[in-house]
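In case you want the letters, here they are:
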Amino acid sequence: QGVVKNIGLGQRSHQFHWQAIETGRFDMILTYNDYHVTRTTAYTNGLLQFAEEHNIGVFNGSPMGHGLLAGEDPRTLNTHHMIERDAKAAAKFYDWCQDRKINQRALVLQSCLSQPLIHSTLTGAKTRAELKQNLDAIEEPISDSIWRDLAALNLTEGQV
């Protein structure tokens, strides 16, 4: 009937994404908590590149790392369900941003948006105020030296 124009799926397992892409039946995938300042597994394991090779759109969910990177001290959050490495990396990132008086949300969102293999990043804003906060963060100027210093922190998987 032509009612459905595109089909996508969201799944935690990258292996499932690979298999779904190989079927040729999907137009987009949603990966979550797999591409942000402390985790880039969707890129480092080749999933983003594989999706690009197959003309599959990529939505990036949970760029704030399930709240760990949203701007509050992650040590004050209920992180018992989080991987210890994620909580450590988030705390290191939080302290680094605090020491430099850097808008953590700006770094997180702009980092995600700078990845050309990701077509849309879902910010998870629940209110109009959060949406405005995210839009302001996206437009906040960040110097090249801050990006270089952030890269030198080695916050991504296996580095903390």
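I will try to describe carefully the structure that is included in this document. Keep in mind that this is a model prediction, so the values were computed, not measured.

Cut-offs and rules
- Residues numbered from 1 in each chain as written.
- Predicted model: local features only at pLDDT ≥ 70, side-chain atom pairs only at ≥ 80, totals over all residues.
- Heavy atoms only, no water.
- Core = buried A, V, L, I, M, F, W, Y, C linked by side-chain atoms within 4.5 Å.
- Buried < 20%, exposed > 50% of the residue type's maximum accessible area, 1.4 Å probe, protein only.
- Helix = DSSP H or I, 4+ residues; strand = E, 2+ residues; numbered from the N terminus.
- Contact = heavy atoms within 4.5 Å.
- Axes fitted to C-alpha atoms, helices over the stretch in contact; angles between N-to-C directions.
- Parallel < 35°, antiparallel > 145°, perpendicular 65-115°, else oblique.
- Nonpolar A, V, L, I, M, F, W, Y, C, P; charged D, E, K, R; others polar.
- Arc of directions from axis to C-beta.
- Phe/Tyr/Trp six-rings, centres within 6.5 Å; stacked < 30°, edge-to-face > 60°.

1. Describing the nonpolar core
Phase 1: If you look at the biggest cluster of nonpolar residues, it comprises 19 residues, and the most contacted ones within it are Phe-93, Trp-96, Leu-107 and Leu-150.
Phase 2: Breaking this core down by element, the ones donating at least two residues are helix 4 (84-100), helix 5 (104-113) and helix 7 (144-152).
Phase 3: Apart from residues no more than four positions distant in its own chain, Leu-150 is found in contact with Val-37, Phe-93, Trp-96, Leu-107 and Leu-155.
Phase 4: Counting residues in each nonpolar core, the second largest holds 13 residues, with Tyr-35, Ala-51, Val-58 and Ile-118 among its members.

2. Some thoughts on the packing of helix 5 against helix 6 (residues 128-139)
Phase 1: The interhelical angle for the contact between helix 5 and helix 6, taken along N-to-C directions, is 70°, at an axis separation of 8 Å. In this view, helix 5 runs roughly perpendicular relative to helix 6, as classed from their interaxial angle. Along the contact surface, helix 5 presents Arg-105, Ala-106, Leu-109, Gln-110 and Leu-113, while helix 6 presents Gln-133, Asn-134, Ala-137, Ile-138 and Glu-139.
Phase 2: In terms of residue class, the contact of helix 5 with helix 6 is built from five nonpolar, three polar and two charged.

3. Focus on helix 1 (residues 14-23)
Phase 1: For helix 1, the complete set of buried residues consists of His-14, His-17, Ala-20 and Ile-21. One face of helix 1 carries all of its buried residues, which in axial projection span an arc of 120°.
Phase 2: Where helix 1 is buried, its residues touch strand 1 (8-10), strand 2 (28-32), helix 2 (41-44) and helix 3 (47-53).
Phase 3: In the segment just after helix 1, Gly-24 is the residue with positive phi, at about 75°.

4. Some remarks on the environment of Thr-44
Phase 1: Structurally, Thr-44 is set in helix 2.
Phase 2: Considered as a pair, Thr-44 and Ala-137 are 93 residues apart in the sequence and their alpha carbons are 26 Å apart.

5. Structural notes on unusual backbone geometry
Phase 1: One non-glycine residue, Asn-55, lies in the positive phi region at around 60°.
Phase 2: Mapping Asn-55 onto the fold places it in the loop between helix 3 and strand 3 (57-61).
Phase 3: The class of Asn-55 is exposed, set by a relative accessible area of 69%.
Phase 4: Here the phi dihedral of Ser-62 falls at roughly 55°; this positive angle occurs in a residue that is not glycine.
Phase 5: Note on placement: Ser-62 falls in the loop between strand 3 and helix 4.

6. Points about the packing of aromatic side chains
Phase 1: The full count for this structure, using the stated rule, is one aromatic pair.
Phase 2: Ring geometry for Trp-18 and Phe-50: centres 4.3 Å apart, planes at 20°, overall stacked. Placement of Trp-18 in helix 1 and of Phe-50 in helix 3 is noted, with a sequence separation of 32 residues between them.
Phase 3: Owing to a relative accessible area of 23%, Trp-18 belongs among the partly exposed residues under this scheme.

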